[in-house]
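Working through the structure, step by step
Listed here are the chains, written in short residue letters.
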Amino acid sequence: MTIGDLMKLTAEGFGETLYMTFVSTASAYLIGMPIGLILTVTDKDGIKPNPLVNGIIGFIVNVLRSVPFIILLIAVMPITRAIVGTTIGSSATVVPLVIAAAPYIARMVESSVKEVDRGVIEASLSMGASPFQIVYKVLLPEARPSLLLGAAITTTTILSYSAMAGVVGGGGLGDIAIRYGYHRKQTDIMIVMVVVLVAIVQVLQAAGNWISRRNDKRIR
Amino acid sequence: MQEDYIIQVRDLHKTFHTNNGSIVVLDNINISIKRGEIFGIIGLSGAGKSTLVRCMNLLEKPTSGSVIVDGRDLTSLSESELRRERQSIGMIFQGYNLLMQRTALDNVCFPLEIAGVKKKEARTKARQLLETVGLADKEKAYPAQLSGGQKQRVAIARALATNPKVLLCDEITSALDPTTTQSILALLKDLNQKLGVTIVVITHEMKVIERICNRVAIIDRSHIEEIGTVDEVFRRPKSAAARKLLYERSENIEKFTGNGKLLRLVFDGSSADRPIIAEMVLKCGTLVNIAFADTKNIHGKIYGQMLLQLPEDPVAVNRILSYLDSEHISYQEEA
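The structure presented is a predicted model; accordingly, all values stated were derived computationally and were not measured. (Residues numbered from 1 in each chain as written. Chains lettered and ligands numbered in written order. Predicted model: local features only at pLDDT ≥ 70, side-chain atom pairs only at ≥ 80, totals over all residues. Heavy atoms only, no water.)

**Comments concerning the overall build of chain A**
Here is the rule we go by: Strands are runs of DSSP state E lasting at least two residues, helices are runs of H or I lasting at least four, and both sets are numbered from the N terminus onward. We call a residue buried when its accessible area falls under 20% of the maximum for its residue type, exposed when it is over 50%, and partly exposed in between, using a 1.4 Å probe and counting protein chains only. Whether two residues touch is decided by their heavy atoms; if any such pair falls within 4.5 Å, the residues are in contact. Computed with the Shrake-Rupley method and a 1.4 Å probe, the accessible areas treat only the protein chains shown as cover for residues. When charges are counted, neither His nor the chain ends are considered; positive counts come from Lys and Arg and negative counts from Asp and Glu. By convention, the charge on Lys lies at NZ, on Arg at CZ, on Asp at CG and on Glu at CD.
Per the secondary structure count, chain A includes 10 helices and zero strands. Mapped from its N terminus to its C terminus, chain A presents α and β elements in the order α-α-α-α-α-α-α-α-α-α. In terms of overall dimensions, chain A has C-alpha extents of about 70 × 45 × 25 Å along its principal axes. In chain A, which comprises 220 residues, the share counted as buried stands at 49%. When contacts within chain A are restricted to residue pairs at least 6 apart in sequence, long-range pairs at least 24 apart make up 73% of them. Surface summary for chain A: the accessible area is close to 10800 Å², and the carbon and sulfur share equals 69%. Both charge centroids of chain A, one from 18 positive and one from 13 negative side chains, sit 2 Å from each other.

This is the structure:
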């Protein structure tokens, strides 16, 4: 394989990996964020305690979170086929990634939002704020720095999950690393892919930290 | 003719249920607060005063009893009715409880947003209020950039945004230094006079009560021990709890209780700033021991109290008492 071929291969994997990571993260947030907020609001110390709802959602989240991703990847194949039409390639990988990441995000969001000072929520209640107003005017804005940091961690986690999808032909840098490095014993190509993955994680994490800090009005 | 009461707490009970059984925090509380007054509720920590003030806007749901604000029993309202009613009851906290990710101006706008006031209108109102509390130049500052006193001023402006009938203050000066405390209390007094807003002050410090309150309730171990004008309670405290609070900074009074009796003098501002004790000692030709003193000179008038240990000689004691009578200083013998 020439350097040119390797560059082309890497660029292709890089694009696929970013595509899977960002589409999955965005979709998983659409599902996970409201679940995380419901978990916070219905908690026994929340603004609308509801042990039944909290218990049921918490249980489902825990079950999904305890299934190893590699097993989930195979187990949800029928769903993947139904939605995407195939189980191979980066678009197909998005489905299990979203299913795995949404409950993870729910817990991340829950822990970020629970950091908001109880006193501020009490003050909002004293002004006559409704639970809905408290969520979108108090909890989300006040937890913003922590939510952004959580998003950086979540994105890098989804990135590493996406690499695992390479085992079942999921596309991206992980797929290339497994195909060349494991099946064809071309260790050097695997190393290149891993280095690129490490670089992406570094950049994403640093960017996340920077954005979070810039958005936090508690410092300065 | 019935008095015009803005808040009436009737037969209020509050019990907290914990894993170690239940704790009675408030037991048979009855308080009536007049429209336009500054009403103090004082007690040591754990007495139940914070729970009591939280019952006044139902942040804490009473176990039984009723809380009537401006003629409406809050305990009988639906959740949305209660939310509406809360917009007319402002609250300020010891920990400020400002939104840390919003500027001072946006913090003051917050209750107006909740009440559905238009953004432009809200901003104009918020600017006015920041000016009222003396923070016109800080509208763009975030709470983290403000001092404790400034944060509390923002919190006051925020509580006033919806033109409340009542302002509930929960230990609002406890985290502030004495100078800042004085300026915050002066601001409250000013707002009370200018806006006519009724203020309920919760505190463990007698100096807060004497500085701004018209009437005071002493709460001790879940009970209201006594209610009266600050003057009355100050001159003649009936309950042991009141006496304890009055001498909060004199734990070693017992050490002075030798043979002579203790006499408590109360300065209510009617005597001018003169060296009264020194004059008394010279005129009566007898010595007294000052066991405790906490007086201050406000605009040339003396406020506060003093605990004197009298000589054993009854003739000398009589001279002292007649001197005090002639000076119109109220006193009371301590048991």
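Following the structure, the description resumes.
**Notes on the packing of aromatic side chains**
Residues and elements named next belong to chain A. Our working definition: Between 30 and 60 degrees the pair is tilted, below 30 it is stacked and above 60 it is edge-to-face, where a pair is any two Phe, Tyr or Trp rings, Trp via its six-membered ring, whose centres lie within 6.5 Å.
What the rule picks out here adds up to two aromatic pairs over all chains. Aromatic pair Phe 69 and Tyr 161: ring centres 4.8 Å apart, planes at 20°, arrangement stacked. With Phe 69 in helix H3 (residues 69-75) and Tyr 161 in helix H8 (residues 144-164), the pair connects residues that are 92 residues apart, well separated along the chain. Residue Phe 69 is classed as buried on the basis of its relative accessible area, which comes to 6%. Taking 4.9 Å as the distance between ring centres and 45° as the angle between the ring planes, the aromatic pair formed by Phe 132 and Tyr 136 counts as tilted.

**With respect to the environment of Ile218(B)**
By the secondary structure assignment, Ile218(B) is in strand S9 (residues 215-220). Ignoring sequence-local partners within four residues, the contact set of Ile218(B) consists of Ile42(B), His223(B), Ile224(B), Glu225(B), Glu226(B), Val233(B), Ala241(B), Ala242(B) and Leu245(B).

**Quick look at empty space enclosed by the protein**
Test applied: Points on a 1 Å grid, built from protein atoms alone, make a cavity when a 1.4 Å probe fits but cannot get out and make a pocket when they are open with protein on both sides within 12 Å along at least 5 of 7 lines; residues with an atom within 4 Å of a point are the lining residues. Grid points are joined across faces, edges and corners, and a volume is the space filled by probe spheres set on the points. Polar here means any residue outside two lists: the nonpolar Ala, Val, Leu, Ile, Met, Phe, Trp, Tyr, Cys and Pro, and the charged Asp, Glu, Lys and Arg; Gly therefore counts as polar.
Taken as a whole and assessed by the stated rule, the structure comprises three cavities of 30 Å³ or more. Estimates place the volume of the largest cavity at around 90 Å³. Only strand S6 (89-93) and helix H5 (148-160) of chain B provide two or more residues apiece to the lining of the largest cavity. Taken together, the residues of the lining of the largest cavity sort by class into six nonpolar, four polar and two charged. Lining the second largest cavity are Leu73(A), Met77(A), Thr80(A), Thr87(A), Ala92(A), Thr93(A), Pro96(A), Ala165(A), Val168(A) and Gly170(A). Every element with two or more residues in the lining of the second largest cavity is listed here: helix H4 (77-84) and helix H5 (90-113) of chain A. Top element by residues in the lining of the second largest cavity is H5(A). It accounts for three residues. When grouped by side-chain class, the residues that make up the lining of the second largest cavity number six nonpolar, four polar and no charged.

**A short note on the sheet that holds strand S2 (residues 21-34) of chain B**
Residue and element names in this part refer to chain B. Spelled out, the test is: Note on pairing: two strands pair once DSSP finds at least 2 bridges between them.
Strands sit in the order S2-S1-S4-S5 across an open sheet of four strands; the sheet is antiparallel. Strands at the two margins of the open sheet, each flanked by one partner only, are S2 and strand S5 (72-73). Here strand S4 (residues 64-69) runs beside S5; their pairing, made up of two bridges, is antiparallel. Note that in S5 the partner of Ile 68 across the bridge is Asp 73.

**Examining helix H1 (residues 3-41) of chain A**
The condition is simple: One less than the number of residues in a helix, times 1.5 Å, gives the span that helix is expected to have. The angle between axes fitted to the seven-residue stretch ending at a residue and the seven-residue stretch beginning at it gives the bend at that residue.
Between its terminal C-alpha atoms H1(A) stretches 55 Å, which fits the 57 Å expected from 39 residues at 1.5 Å a residue. The sharpest bend along H1(A) reaches about 35° and sits at Tyr29(A).

**Remarks on the pattern of salt bridges**
As a reminder of what qualifies: Take a side-chain nitrogen of Lys or Arg and a carboxyl oxygen of Asp or Glu: if they are within 4 Å of each other, that pair is a salt bridge.
The final tally for this structure, using the stated rule, is 27 salt bridges over all chains. The partner of Asp216(A) in a salt bridge is Arg218(A), and the shortest N-O contact between them spans 3.0 Å. Looking at Arg218(A), the relative accessible area reads 41%, which means it is partly exposed. The residue Lys165(B) makes a salt bridge to Asp70(B) at a minimum N-O spacing of 3.0 Å.

**Side note on the domain arrangement of chain B**
All names here are of chain B. Quick reminder of the rule: Each domain's extent was defined by an automatic or database domain assignment. In this description, buried area is defined as the sum, over both parts, of the accessible area (probe of 1.4 Å) that is lost when the two are combined. Any N or O atom pair separated by 3.5 Å or less is treated as a polar contact, with the protein-specific requirement of one donor-capable and one acceptor-capable atom, and with residues adjacent in sequence counted only for side-chain atom pairs.
Along its sequence, chain B is carved into domain 1 (5-241) and domain 2 (247-334). The C-alpha centroid of domain 2 is placed 35 Å from the C-alpha centroid of domain 1. With 10 residues of domain 1 at the contact, the number on the domain 2 side is 10 residues. Across the domain 1 to domain 2 interface the summed buried area is about 890 Å²; carbon plus sulfur atoms make up 41%. For domain 1, the biggest contributors to the area lost against domain 2 are Glu 210, Phe 234 and Arg 235; these three give 54% of the whole. Applying the counting rule to domain 1 against domain 2 returns zero salt bridges. Taken together, the connections running from domain 1 to domain 2 amount to zero residue pairs in polar contact (both at pLDDT 80 or more).

**Digging into the nonpolar core**
Rule in force here: Joining through side-chain atoms within 4.5 Å is the link that ties buried Ala, Val, Leu, Ile, Met, Phe, Trp, Tyr and Cys residues into a set, and such a set is a nonpolar core.
Of all hydrophobic cores here, the largest spans 67 residues; its most connected members are Ile7(B), Ile31(B), Ile41(B), Leu52(B), Met56(B) and Leu168(B). Considering each element in turn, this core owes the most residues, eight residues, to H5(A). Once residues lying within four places of it in the same chain are set aside, the contact partners of Ile31(B) are Ile7(B), Gln8(B), Val9(B), Phe39(B), Ile41(B), Leu52(B), Ala217(B), Ile224(B) and Ile227(B).

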